[in-house]
Amino acid sequence: MSSTRQDAWSQDEDVLLAEVVLRQIRGGGTQLQAFEEVGKKLSRTGAACGFRWNSYVRKQYKKAIEVAKKHRKELKNRKKDPAPSSLVVEEAAKEKQVSTSLPQLSFNEIVESLKSVYEQAENAHSAEKNTLSHYEGKITSLEKQTYYLAAENERLLKEIQTLEQDYKALVEIMEKARKMVVLKTDDREKNVRV
């Protein structure tokens, strides 16, 4: 049985996950198949890949997902309704005209774009680390404060118990003193009568 990883995801792993999922979408496959495929490559579970995709990576590739879904839809339509050869030639000519009017990206532009995405991911990652360390510091501070307050609470409870015991002792002394005064007063009254 192979062990599965539970460590943090790297940028390269996120990119691999996105590439495989987008390829599956374009080809008419399911995301679950993509998760299983990536899971095997990265020694992670398919569920972990699915969770990572849905919680983080998918948000980075919204436009690419739309394009992949359009491609899948076009692929399905071509399979359902094969056009006659003359229409195929006309469609190809139209696509060629459209594709020449679209801006073509050079390799360097693509590399720069990917570098930009990578830098944004790095910045987000470092911001998450800063936020995490900030909250870890707050948690440590609150834990210390909790221990201090627990010790203070225990000290005050002991002080209250001591005061209650002193109060009871004082009440007993006062009661004995009252009884003594009453007895002396009674004795004096008896002596005066005799």
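The model shown is predicted, which means the values in this text are computed figures rather than measured ones.

Draft legend 1. The side chain of Arg52, seen in detail. With respect to the helices, strands and loops of the structure, Arg52 is situated in helix 3 (residues 46-60). You can call Arg52 buried: its relative accessible area is 18%. Residues in contact with Arg52, not counting those within four places in the same chain, are Trp9, Asp14, Leu17 and Val57.

Draft legend 2. Fine view of the nonpolar core. Counting 16 residues, the largest nonpolar core has Leu17, Val21, Phe35, Val38, Cys49 and Trp53 as the members making the most contacts within it. Top contributing element to this core by residue count: helix 1 (residues 11-27), with 6 residues. Not counting chain neighbours up to four residues away, the residues in contact with Cys49 comprise Trp9, Leu17, Phe35, Val38, Gly39 and Arg44.

Draft legend 3. Summary view of unusual backbone geometry. The backbone of Ser43 sits at a positive phi, close to 60°, despite the residue not being glycine. Along the chain, the position of Ser43 falls in the loop between helix 2 (31-42) and helix 3.

Draft legend 4. Here's a closer look at the packing of helix 1 against helix 2. The N-to-C vectors of helix 1 and helix 2 enclose an angle of 145°; their axes lie 9 Å apart at closest approach. The chirality of how helix 1 crosses helix 2 is right-handed. Between helix 1, through Glu13, Leu16, Leu17, Val20, Val21, Arg23, Gln24 and Ile25, and helix 2, the contact on the second element is made entirely by Gln31, Gln33, Ala34, Phe35, Glu37, Val38, Lys41 and Leu42. Of the residues contributing to the contact of helix 1 with helix 2, the split by class is 9 nonpolar, 3 polar and 4 charged.

Draft legend 5. Molecular detail of the confidence of the model for the protein chain. For the protein chain, the average pLDDT comes to 83, and 85% of its residues sit at 70 or higher. Low pLDDT (under 50) marks residues 98-102, which in the prediction has 1 contact with non-local residues, meaning those over four places away or in another chain.

Draft legend 6. Structural detail: the pattern of salt bridges. Evaluated as defined, the whole model comprises 10 salt bridges. For Arg44, the salt bridge identified is with Glu13, shortest N-O distance 3.3 Å. With Arg44 in the loop between helix 2 and helix 3 and Glu13 in helix 1, the pair connects residues that are 31 residues apart, well separated along the chain. Given the relative accessible area of 6%, Arg44 is considered buried. Its relative accessible area of 7% is what places Glu13 among the buried residues. The salt bridge partner of Lys41 is Glu37, with a shortest N-O separation of 3.4 Å. Here the residue Lys41 and the residue Glu37 both occupy positions in helix 2, the gap between them amounting to 4 residues, near one helical turn. With a relative accessible area of 23%, Glu37 lands in the partly exposed category. Residues joined in a network through salt bridges with shared partners are Asp7, Glu13 and Arg44.

Definitions and cut-offs
- Residues numbered from 1 in each chain as written.
- Predicted model: local features only at pLDDT ≥ 70, side-chain atom pairs only at ≥ 80, totals over all residues.
- Heavy atoms only, no water.
- Helix = DSSP H or I, 4+ residues; strand = E, 2+ residues; numbered from the N terminus.
- Buried < 20%, exposed > 50% of the residue type's maximum accessible area, 1.4 Å probe, protein only.
- Contact = heavy atoms within 4.5 Å.
- Core = buried A, V, L, I, M, F, W, Y, C linked by side-chain atoms within 4.5 Å.
- Axes fitted to C-alpha atoms, helices over the stretch in contact; angles between N-to-C directions.
- Left-handed = near helix turned anticlockwise from the far one by under 90°.
- Nonpolar A, V, L, I, M, F, W, Y, C, P; charged D, E, K, R; others polar.
- pLDDT = per-residue confidence, 0-100.
- Salt bridge = Lys/Arg side-chain N within 4 Å of Asp/Glu carboxyl O.

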